[in-house]
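Summary of the model geometry
Single-letter residue listing:
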Amino acid sequence: MPITALVTGANRGLGLEWVRQLIDEVDQLYATCRAPAEADELRAFTETHRDTVDVLGLDVTDDAAIDDVVDRVRREQGALHLLVNNAGISGGATSDCFGNVDAETMTEVLRVNAVGPHLMTQAFADLLAAGADERGTATVVNVTSQLGSIERTSGGGWHSYKASKAALNMGTRLQATELKGDDVIVVAMHPGWVRTDMGGANARLSTEESVTGMLEVLYDLQLSHSGQFLAYDGDELPW
Ligand SMILES: NC(=O)c1ccc[n+]([C@@H]2O[C@H](COP(=O)([O-])OP(=O)(O)OC[C@H]3O[C@@H](n4cnc5c(N)ncnc54)[C@H](OP(=O)(O)O)[C@@H]3O)[C@@H](O)[C@H]2O)c1
């Protein structure tokens, strides 16, 4: 039974590492990003793994683009087994602090980090259900952050980002509830603090360590885990 996976924001950082590690695990990998023509590292995989990897343009804020990608997967595979909603933005990061939050930034961060993943899962729901029919379960990983934990709310910046990841966490619970009857597992996963453009050079983990951990967690997931908020090392995080 061929395994089909799709990753958003696959051109750099954690998304690129998801592709690197999934490439030999799945039969068909749709690696999506906003600007395929500029995604040199990602497109290199289409040379080495011609039969496995397709690079598709997808901005997760573009509803029509989401529909196009769904149509493509439907036409070519008829099912999806793994959806990694990885794309995300930090907004103003540390400068996005109380007294300095602006509507445009906050709206954009919510749109990319929370609305985009929710619409992606919604649009792929029937293909995920078809994937679960084929393999027992299908899985959605919403790449969140522990900064979205309401219980662990701290001061400082990242206001829009924290609010967006809290919204993504709620989206995860909603998606899990809606899709449980179709045997689709939905989890929110915190990748750790990772050395990427977003995480910065001083972060604790390499992208390889983070994604290796997330994949180990993912391979052990069962339907009973759906709706959980997990870290890359399998720890359950407080909402
Ligand atoms: N790094 C960390 O320490 C850390 C910690 C916790 C959570 N996370 C989460 O992990 C995920 C990946 O982060 P990262 O560290 O790899 O960040 P990154 O290096 O900044 O990469 C972000 C990715 O998201 C893409 N993206 C941004 N807006 C998009 C849109 N509208 N549509 C489609 N793609 C879009 C970017 O594409 P472009 O190149 O086109 O901009 C890029 O591929 C994010 O959800 C982030 O919140 C990261």
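It should be noted that the structure appears before, not after, this text.
Residues numbered from 1 in each chain as written. Predicted model: local features only at pLDDT ≥ 70, side-chain atom pairs only at ≥ 80, totals over all residues. Heavy atoms only, no water.

Next up on the list: the site of the ligand. In the neighbourhood of the ligand, 29 residues make up the surrounding shell, with N11, R12, R34, Y161 and T196 lying closest. Here Y161 contributes a side-chain N or O atom positioned 2.5 Å from an oxygen atom of the ligand. In the model, an oxygen atom of the ligand is placed 2.5 Å from a nitrogen or oxygen of the T196 side chain. Listing elements by their share of the shell around the ligand, those giving two or more residues are α1 (13-22) and α5 (159-179). The residue makeup of the shell around the ligand, split by class, is twelve nonpolar, twelve polar and five charged. (Near = heavy atom within 4 Å. Polar contact = N/O pair within 3.5 Å; in protein donor to acceptor, adjacent residues only side chain to side chain. Helix = DSSP H or I, 4+ residues; strand = E, 2+ residues; numbered from the N terminus. Nonpolar A, V, L, I, M, F, W, Y, C, P; charged D, E, K, R; others polar.)

Packing of helix α4 (residues 103-135) against α5 brings their axes to within 8 Å, and their N-to-C directions diverge by 15°. Between α4 and α5, the angle falls in the class roughly parallel. In terms of crossing hand, the pair formed by α4 and α5 is right-handed. Facing T105, M106, V109, L110, N113, A114, P117, H118, T121 and A125 of α4, the residues of α5 in contact are H159, S160, Y161, A163, S164, K165, A167, L168, G171, L174, Q175 and L179. For the contact of α4 with α5, the per-class residue count stands at twelve nonpolar, nine polar and one charged. (Axes fitted to C-alpha atoms, helices over the stretch in contact; angles between N-to-C directions. Parallel < 35°, antiparallel > 145°, perpendicular 65-115°, else oblique. Left-handed = near helix turned anticlockwise from the far one by under 90°. Contact = heavy atoms within 4.5 Å.)

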